[in-house]
Every structure is written in C-alpha cells, then in structure tokens.
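This is what each chain is made of:
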Amino acid sequence: MLKPSTRSLALCALAATLLLGGCATITQDSGFKTVADVARDRLGKDATWQRSPEARDSAAQRTRELLAQPLTMDSAVQIALLNNRGLQASYAELGLSEAALVQASRLPNPGFSFKRTRSGDDLSIERTFSLSFLNLLTLPMATRIESRYFEQTKLLVANQMLQVAADTRRAYVNAVAAEQSARYAEQVQQAAEAGAEFAKRLASAGNFSKLDRAREQAFYAEATANLARTRQQAQAEREALIRMLGVWGADTGFKLPERLPDLPKDRPELQQIEAYALRNRLDIQAGKLQVEGLASSLGLTQATRFINVLDLGYVRNSKSNEPRETGYEIGIEIPLFDWGGARVARAQSIYMQAADQLADTAVRARSEVRESYVRYQTAYDLSRHYRDEVVPLRKTISDEMLLRYNGMLVSVFELLADAREQVNAVNGYIDALRGYWIAQTDLQMALGGKLPLAEANATAPAPNSPEGH
C-alpha cells in the first residue's frame, strides 16, 4: 500500500498531467511562421496563408498591383507565393499535423458505465468510472513523437513552397525566352517574304534563275512554318507561367519584358557546395526529424509490446439492504497468442527504411549539387561565348556585307543569305541565356533555395542589362 506522502505525490503528478493535457490547443498560425521565415530568408519574399476572406482580398489586391507593371522574375515569384492555389492547399498539411499533435497531447476521455438490475425486491446498482492508464503513462512520449512529426511537416511544406518558387522562375524564363524567339522569328519571316517577292519579280523579268528563286521561296516557307511553331510555343510557355501564378481572367493579360536579364558581370564560383547543401536543404532536415521520430516510436513499441491494453477503473456498486461496495478494477490483456514481436519487427523495418531513405537523399543531394554547379558554370561560359564572340562576329560580317552591298559589290540575295546565317547565332544566344537562368534556378534549389551570400551578390544583373537600371 502506498504511504500517504507517496500517494499525494502520485495524485499531484496525475493532476499535473491532466492539467497539461487539457491546456493543449490549436495555435493561430498552425506553424506557418516557419514557412514565412523560410520565404523571407531564402527568397526575400512574403508568403501568406489565406484562411480568411480579408487575407484573400489583400493578396488579390497586391497581385493586381504587381501585375500592373511589366512582370519581372522577382514579381512573378511573389505573385505565385500569394496566389498559387495549389500552394495554398499544401499549407493545410500544417493544420492537419498540428491537430494530430494536439490530439496526441490530450488524455483520452474517461469511461462511465451504469448498471441497474432488480431481482424480486432486491435492487442492484453498479457504477464504474474507468480511464486508460496505459495512455496516461505513454502520453509524454506520444506527444514528443507527434511534435517531431509536426516539425517535419513544417519543413516539408516550406520545401514545397521553395519548389513552387523555383518552378515559377523556370516558367518565367521559358515564357520570356519564347516570346523573344517568336519576335525574332517574325522579323526573319518578314525578311524572307521580302526576299521571296523580290526573287519572284526578278525571275519574271528573266534576270533570276529558277534554282535561285526556289531557294528563296523555300527559305520563306521554312521561316513561315518556324514562325507558327515559335508563336505556339510562346503561348504554351505563357500559359505554363499563368498556371504557376494562379491568375485568370483579365489578370492573364500581364506584360513580359522583351528580353531576358543579361548575364552577371563575373563568372560564378562556389566553394564547399556539398556541405552547404547538406546544412541548408529542408528535405534533409525533415528526413532527420523523421528518423528521430521513428526511433522514439520504436522505443515506445518495445516498451508496450507485452501490454496492449491496460485500463484502470473505479467501481462503486450498491444493492438494496446491503452495504455499499467500493473499490477498483484493472483490465489487462494477457499476451498469450500475440507477444508483440511482429509489431516490433515492423517498427524496426520502418525505422531502417527511413534511415536508408535519408542516406539516399543525402547522396542524391551531393550529386545534384555537383551536377547543377557544372551545368551552371557551363551555361554561363556558353552564354558569354555567344555574347562576346559569336554574335559580335556575325554582326561584323553583316556590317561588312552591308558595306559591300552599298558599294554594289554583292547582290541583295547575298545580303539575304548572310542574314539567314545570323538566324542560328541569334537563336543560339537566346537559348544559351535561357539555359543559364534555368541552371541558376536548379542550382539554387539543389542548395536549399538560395545561393551563398557572396554568390548571390555576384549574380546580380550587369549594369547595362534590362534589370540593372
């Protein structure tokens, strides 16, 4: 039998547990502060969870203000964070996870049974008040496990927010590059049309061969087909951007810049990128929390393998003309057929699976960072090569051909043939520049959402670029 002092301490502990269990409540933001902090720190943007009409109206107003100006890469990301409904739907995972945590931290409802029977003149009344004692004992550990799951959910949702931002950047780059290519294809098509018409007139006058005329007509036909393809591609890329922005109706009429931002001034150089990624990536941090939580869950499974159900109840019975019966009863499941070995083995397998998945994520992260960095540097070098070598050389050739044409040293068709050769150079530069900004986005995501501070400053647009003003 417990001594009075020991019994008092036990009752105090029970009362404290009951009090703590009853105080657990749903917070106002359901852990969204973690997501907002990640958006602010790694993207320099505001993330909002719109759970009220006022919040949605505010986001819509800010979206319209941003769309009133020519869309930039930064404003596109901000609009997606405000307006992408798929992203807003993913935030509900925070509420679900917090609800599970609050539920796990609360005591199970007690049970009460009442029985009234009569046998002749004898009246029998049984009253039983019961409480799951096992759940009471495991409450702190269960709360810690769900708390880790909640922290893991915060990181995963924040990582999904970063993914939406990265996808928006890619969609923006593709849309601007596609419209730029379409405008250039239109210029080429117009020049080809003029050349074909001029060739037709010369051929009618007998001053142009059938072969040369066919060549001009073929170039015009190919330019017309290419213009149709580039216009369709531009529309498709714009729609992809619209889906990421989450806009519709009149808001889809936003204006894109005429060209992509120029290259940064200096060649990017990063050091110790693998270690930086392992520290920064949210999926790795979430994986660590998952493994820790499963380790705790495994310990809980091992502790309760022999006791599946343990109920403690208070009994108060009474019968007519007999003394009242009081006492307590304990119900326990006897491990006669199921000793819990299967549950422990299952928990161990789940733990090892999570541990191996975490190791695989780390290996893949290292590889992704190395691959993205090489692609990033190569894309920079290729874009700079087109900008500093290929395009200037083609311009020099074009200028010299124009001088010769003005001096009547070359024909108009030689001038047009040179213009056709410039098409590949210009398209190559547009594609190389697009590849650089896509590669930068991929590298940012591989590193956890942002580049190191020094590199972020180095990749600012050059002063003579459209975004440098």
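For the protein chain, an unreviewed UniProt entry supplies the name TolC family protein and the organism Ralstonia chuxiongensis. Here is the UniProt Sequence similarities (unreviewed entry) comment for the protein chain, exactly as written: "Belongs to the outer membrane factor (OMF) (TC 1.B.17) family."

1. Structural notes on the packing of aromatic side chains
This model, assessed by the stated rule, comprises 6 aromatic pairs. Centroid distance Phe32 to Trp49: 6.0 Å. Interplanar angle 45°. Geometry classified as tilted. Taken together, the positions of Phe32 in helix 2 (residues 32-43) and Trp49 in the loop between helix 2 and helix 3 (53-67) put the pair 17 residues apart, joining distant regions of the chain. Per residue, the accessibility class of Phe32 equals that of Trp49, and both read buried. On the basis of an interplanar angle of 20° and a centroid distance of 5.4 Å, the ring pair of Tyr376 and Tyr436 is categorised as stacked. In this pair, Tyr376 sits in helix 11 (residues 341-406) while Tyr436 sits in helix 12 (residues 412-446), placing the two residues 60 residues apart along the sequence. Assessed through its relative accessible area of 0%, Tyr376 is described here as buried. An aromatic cluster is present here, built from Tyr376, Tyr380, Tyr436 and Trp437 joined pairwise through their rings. Stacked on the ring of Trp49, the Lys or Arg Arg51 has its end atom at 3.9 Å from the ring centre.

2. Comments concerning unusual backbone geometry
One non-glycine residue, Ser30, adopts positive backbone phi at about 55°. Tracing the backbone shows Ser30 in the loop between helix 1 (4-23) and helix 2. Relative accessible area serves as the criterion here: at 3%, Ser30 is assigned to the buried category.

Conventions and cut-offs
- Residues numbered from 1 in each chain as written.
- Predicted model: local features only at pLDDT ≥ 70, side-chain atom pairs only at ≥ 80, totals over all residues.
- Heavy atoms only, no water.
- UniProt positions renumbered as here; feature names shortened; annotations may be inferred.
- Phe/Tyr/Trp six-rings, centres within 6.5 Å; stacked < 30°, edge-to-face > 60°.
- Helix = DSSP H or I, 4+ residues; strand = E, 2+ residues; numbered from the N terminus.
- Buried < 20%, exposed > 50% of the residue type's maximum accessible area, 1.4 Å probe, protein only.
- Lys NZ or Arg CZ within 6 Å of the ring centre and 35° of its normal.

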